[in-house]
Amino acid sequence: MRGPPTSPMLALTGLRKTVPGGRVLFEALDLEVAPDEIVAVMGESGVGKSTLLNLVAGLDEADSGRIAIAGQPLEALDDDGRTRLRRDKIGFVFQAFHILPHLSLAQNVALPLVLQGAGGAVGVERATAMLDAVGLAGRAAARPSQLSGGELQRVALARALVHRPALVLADEPTGNLDPETADRILHLFAQQVRGSGAAAILVTHSERAAAVADRRLRLTSAGLVPHDAR
Amino acid sequence: MTPAEGRRFSATALAWMMLGEWRAHPGRVVVAALAVAVGVALGFAVHLINGSAQAELSRAMRTINAEADLAVRASTPLGFDEALYATLARAPGIAAASPVVELPARFGAGLPKSFQGSGLSLLGLDPLRAGEVTPSLVATAAGLAASAPERVFDADVVSLSPAALTASGAKLGQRVIITAGGRSATFRVGGILPLGDGAQQIAVIDIAAAQWAFGCLGRLQRIDLTLAPGAASPRVEADLRKRLPAEAQVVTDSTQARRGDNLTLAYRVNLQMLALVALLTGAFLVYSAQSLSVARRRPQFALLRVLGLERRGLLAQVLAEGVVVGGTGALLGLGLGLGLAAATLRILGGDLGSGFFQGATPDLVVEPLAALVFFALGLAAALLGSVLPALEAGRARPGIALKDLGDPGEGDTRRSALWGLGLLAAGALAALAPAVYGVSLFGYLSIGLLLAGGVAAMPWLARTLLAPLQRAAPRGVVLELALSRLWGAPSQAAVALCGIVASVSLMAAMGVMVTSLRGSVDDWLGDILPGDMLFRVESGGFDPDQQARIAAAPGITGVLFQKSLPMQLSPDHPPAMLVVRRVAAGAPVDALPIIGRTAQVPAGATPVWISEPASRLYGIAVGERLTLPLPRAPEVFVAGVWRDYARQAGAIAMDDADYAKLTGDRMRNEASVTLQPGVRPRAAARAIRAAVPAELAAQVQFVETSQMRAIALRVFDSSFALTYALEAIAIAVGLAGVAATMSAQTLARTKEFGMLRHVGVLRRQIIAMLACEGAALGAVGLVAGLGLGLAMSQVLIHVVNPQSFHWTMETRIPLGLFASLAAGLIGACALTAVLSGRRALSADAVRAVREDW
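Residues numbered from 1 in each chain as written. Chains lettered and ligands numbered in written order. Predicted model: local features only at pLDDT ≥ 70, side-chain atom pairs only at ≥ 80, totals over all residues.

Student: I tried to follow the overall build of chain B on my own but got confused; where do I start?
Tutor: Along its length, chain B carries 28 helices and 21 strands. Counting every position in chain B, which comprises 853 residues, the buried fraction comes to 50%. The contacts in chain B between residues at least 6 apart in sequence include a share of 85% that link residues at least 24 apart. (Helix = DSSP H or I, 4+ residues; strand = E, 2+ residues; numbered from the N terminus. Buried ≥ 20, exposed ≤ 12 C-beta atoms within 10 Å, placed from the backbone. Contact = placed C-beta atoms within 7 Å.)

Given below as structure tokens:
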């Protein structure tokens, strides 16, 4: 395991979040994630793991606390600013893949680049290279309906990394896959994230999935604690 | 990222997303575009047809009036005394005056080929005066017969416009028979008028010959005037008015244009509004399609937001889809409209079968500006239909939407009730407003507001209408599932119902209005067409001797003679009709379908009874006094109002004896005959012909009352042909929208069906559930649509019709139409739901549950 970074990719300080009705999901939550570091966040269902990811992505707002991505504080940004930050600095991998059915694989992967302003052709070219990297060489023109679940998650992984984000957020990326396919995807995920120099947060229930992370934390109402500290 | 880069990403991302969506669901895009196309096509076609007909009408007016600065016209075909010519020729500000005899005429003797005649205008002119004032009505050297150019104004010579020459079938130098005022005379074609190749048929003869040959000695119908240099037209007009008798009026280009415009304004506006309503239905269908599309793509949009697409980017995408759908539909609509206008002008003529414009078929006048306006309207309709879905797409919270299983959340139905009731109340208030320049603008606004209110209230209304069924706790899983689904998602039901309610309500409103009018016309025909047989002569008439001989003809029990005489009550309006018939002052209901109260006729007063349109057009009420443009300008007393659907420009009925006393005119040109039992109409017609001179007998036209009634109803139906066509199109578009909506909603529930199959619901049970849902949805749409339609029909009957056409009617409900509408709609909804359900269920149920979208 690595030591704490001096210049973190993600810094969460004193985060507090309640849900409608007043229940406190968590408070006094602190976390720093360094470049090349993968942090696994585990916890029971309903504890707020996905909410934490939404807060980090600027899709939801904390009651208090600070979030900074690559040194950029989120609270200073309006909705458009947070959207631009997501576009430029964050990559996402979801449990349910979320691959657009009417676009080709290359177009799906190229979406973040196109949203950043790259031309369609340039985007597709880089997306094709990325598809090669995740083991889908020669499938750029294929449609999502022709792929298996594991292949779809590879496409999602390629899309999350194609624009070289500073931070990758993965929410149960192998929740819909069988154990063998899940292992392959997790290995690929770790390899690609570390190769790109990004930091990553991996939200999962699975001990097996969390094993690929550099640090394993458990989310509780009191914040994040080391996974082994019960 | 620079702004230029931002634009580039928008363009590429939007293009990818839109093309992908359209590739996946081309049918829905096509239906939405077609809905817009139909509205644009109808509106553009009606506008082009009206424009072309108006252009033809004003060209005809200009041709007949030629280049005169001003004209004085007779208020009735009886004309005015020719002594007025000398007065006007000497009036200050007048440089030259040209007296004119103007008679409706036709080529040939005997019966006209058609009921409408050939549309020839016969002008009698003084060549020297006309040469100064209206030179285009005098044959030029180039157009004169080479044999005798100097004799063009001989008593037996006629000059013809090119259209008249073609219609006559004669050549220069040949002879033609012209019939006018019940008399025929033969003329030699001696010249061609320099009028170009317009469609107007004009024949010009010497004024004295016209007065002599056609029995109007000493009378003129018109005096054309040229103003002196520097004379101000308004001042001269005002001065002339002081010198004119009641039978004559000053006419300018603007009053002519207004009169032509007034003639058809209501009819044109009515059709135009119907076309716009079709466009509005299109907007609702676009809204329906876009709403469902946005609901279905909620997770996709959420993903785009997560990946970094700004809120306005999503808005832009949905609006851009609307623009492309609207633009494509509008372009298609312009092409269709052009074709429709050309075909309609060729088949129905410029009056769309309404009978306003007689004569030649107008050329199609294409107006680029109008095309642009209708293109913009189509685009606006599609954008309007896309705005709410776009806002909804932009509002969605991506974090939550990504977890969404496909069903959008339900809003508060109380808010929909408030909006809906507010709009309905505004619609009711708008119906109380008066007409604006003779157009029922607020009436149409009221219909639009009622429609919008009904649609806005749909989520609340759907839940309210379904509540009794929900409370009844139906037995059986199928019905329970179906009703729970509809009850639980009233907003989705409302989106599906939007197109249904819009088209059903419009259909019902038009159906009630047309049925009510037809029923009232049918009743009215029974009142207005007494006896067994009618006969008339086109011009001239029967003198008292001839009337007596006809009355004494064998097989006839009684004859009621009458006369109809066009009468110009105001220069701005088309002429009203003076109907002269036997009306007893004490019992006018025996002769006329009187509505409302009647007034006691003061001693010594001459009573008249005005038609409902005349009362509304001229603002005349029972008990008022009125000066008629007849010789000696008699003042008459309005004793009552009668219902009349035949003369939209208004009519005034006067007792036969009073008319004879006021004018000395005892000629009558129409009559209704009661036959003795067992006498055949044909035998009676022969007896009547035998009672009058041969020349007159040849011109008498007979029709049995029952036939006349059938003809009148046929004319009614043909004049509403376009309305029926619009209705049919509205039904087709509405049902297409229903099919698209149901199909989209059903296909979006593939996962739900997969889940139901997993928990053990049989395939046929799901199909039955969908059929129940479809039928229930159709029934709710039907109830809401019919209710709204009935409300809108009352605005049409009590506001739009009286304000536009100046007539009223009693409401009649077309139960047959309603029943077939109910069966068709509920059946179509259930069938579409089942067919889409089969498609949705054809996918593997396991995969349906696991798949992403």
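From this point on, the discussion continues.
Student: It is not clear to me how the interface of chain B and chain A should be interpreted in this structure. Could you clarify?
Tutor: In many reports, interface size means the accessible area that the parts give up when they come together. Counting residues at the interface gives 26 residues for chain B, matched by 29 residues for chain A. When residues of the side of chain B that touches chain A are assigned to their parent elements, the largest contribution, 11 residues, is made by helix α1 (residues 3-24) of chain B. Taken together, the residues of the side of chain B that touches chain A sort by class into 13 nonpolar, six polar and seven charged. (Nonpolar A, V, L, I, M, F, W, Y, C, P; charged D, E, K, R; others polar.)

Student: What's the story with the nonpolar core in this structure? I'm lost.
Tutor: General note: in soluble globular proteins, nonpolar side chains tend to be found buried as a group. One finds V36(B), V286(B) and L497(B) to be the most contacted residues of the largest nonpolar core, which totals 212 residues. Core analysis: the next-biggest nonpolar cluster, separate from the first, contains 53 residues, L70(B), L165(B), A213(B) and F214(B) among them. (Core = buried A, V, L, I, M, F, W, Y, C linked by C-beta atoms within 7 Å.)

Student: Could you clarify how one ought to interpret the confidence of the model for chain A in this entry?
Tutor: Close inspection of predicted coordinates is inappropriate in any region flagged by low pLDDT. Chain-level statistics for chain A give a pLDDT mean of 86 and a share of 96% at 70 or above. Residue range residues 1-5 of chain A is modelled with pLDDT below 50. Its contacts to residues more than four positions away, or to other chains, number nine contacts. (pLDDT = per-residue confidence, 0-100.)

Student: I would appreciate a short explanation of the pairing of strand β4 (residues 120-125) of chain B in the present structure.
Tutor: Note on strand geometry: in a regular strand, side chains alternate between the two faces of the sheet. All names here are of chain B. Counting buried positions along β4 gives six out of six residues, so the element sits mostly inside the fold. Of the two faces of β4, the one carrying L120, L122 and G124 and the one carrying S121, L123 and L125 are both buried. Of the strand pairs in this sheet, strand β3 (residues 94-107) and β4 are connected by six bridges, and their pairing is antiparallel. Bridge pairing in β4 links V101 to G124. (Pairing = 2+ DSSP bridges.)

Student: Would you mind going over the packing of helix α10 (residues 311-347) of chain B against helix α11 (residues 368-395) of chain B with me for this structure?
Tutor: The geometry of a pair of packed helices is captured by two quantities: the angle between their axes and the separation between those axes. All names here are of chain B. Two elements in contact, α10 and α11, have axes separated by 7 Å at closest approach and are oriented at 150 degrees. When the axis of α10 is compared with that of α11, the two are roughly antiparallel. In the packing of α10 onto α11, the handedness of the crossing is right-handed. Split by residue class, the contact of α10 with α11 holds 18 nonpolar, nine polar and two charged. (Axes fitted to C-alpha atoms, helices over the stretch in contact; angles between N-to-C directions. Parallel < 35°, antiparallel > 145°, perpendicular 65-115°, else oblique. Left-handed = near helix turned anticlockwise from the far one by under 90°.)

Student: What am I meant to see in the environment of A40(A) here?
Tutor: All names here are of chain A. With respect to the helices and strands, the residue A40 is situated in strand β3 (residues 38-42). Expressed as a C-alpha distance, the spacing of A40 and D214, which sit 174 residues apart in the sequence, is 7.7 Å. Residue contacts for A40: discarding those within four places in its chain leaves L202, T204, A210, A213, R216 and L217.

Student: What should I look at first to understand the sheet that holds strand β1 (residues 10-18) of chain A in this one?
Tutor: Residues and elements named next belong to chain A. The antiparallel open sheet is built from four strands, whose spatial order is β2-β1-β4-β5. Unpaired on one side and paired on the other, β2 (24-33) and β5 (72-73) mark the two borders of the sheet. Pairing analysis gives five bridges linking β1 to strand β4 (residues 64-69), with the strands arranged antiparallel. By the bridge assignment, T13 is partnered in β4 with R66. Relative to β1, helix α1 (residues 49-56) is tilted by about 125 degrees, and along the sheet it contacts β1, β2 and β4.

Student: Sorry, what's going on with the sheet that holds strand β6 (residues 90-93) of chain A here?
Tutor: By way of backbone hydrogen bonds, the strands of a sheet pair with one another, either parallel or antiparallel. Residues and elements named next belong to chain A. The sheet built from six strands is open, its strands ordered β6-β7-β8-β3-β9-β10 with mixed pairing. Of all strands in the sheet, those with a lone pairing partner are β6 and β10 (223-226), marking the two edges. Mean inter-strand twist for the sheet, computed between neighbouring axes without regard to direction, equals 25 degrees. In the sheet, β3 pairs with strand β9 (residues 215-220) via four bridges, with the strands oriented parallel. Residue pairing in the sheet places A40 in a bridge with R216 of β9.

Student: Please clarify how helix α6 (residues 179-196) of chain A should be interpreted in this entry.
Tutor: All names here are of chain A. In this model, α6 (18 residues) spans 25 Å end to end at C-alpha, consistent with the 26 Å of a helix rising 1.5 Å per residue. Among the residues of α6, A182, I185, L186, F189, Q192, V193 and S196 are the ones counted as buried. On an axial view of α6, the arc spanned by its buried residues comes to 140 degrees, and they lie on one face. Exposed side chains of α6 directed beyond 90 degrees from the buried face belong to E180, H187 and G195. Of the surrounding elements, those touching the buried residues of α6 are β3, α4 (120-133), α5 (149-161), β7 (167-171), β8 (199-203) and α7 (207-210). Where α6 ends, the next residue or the one after it, G197, has phi of about 80 degrees, a positive value. (Expected span 1.5 Å × (residues − 1). Arc of directions from axis to C-beta.)

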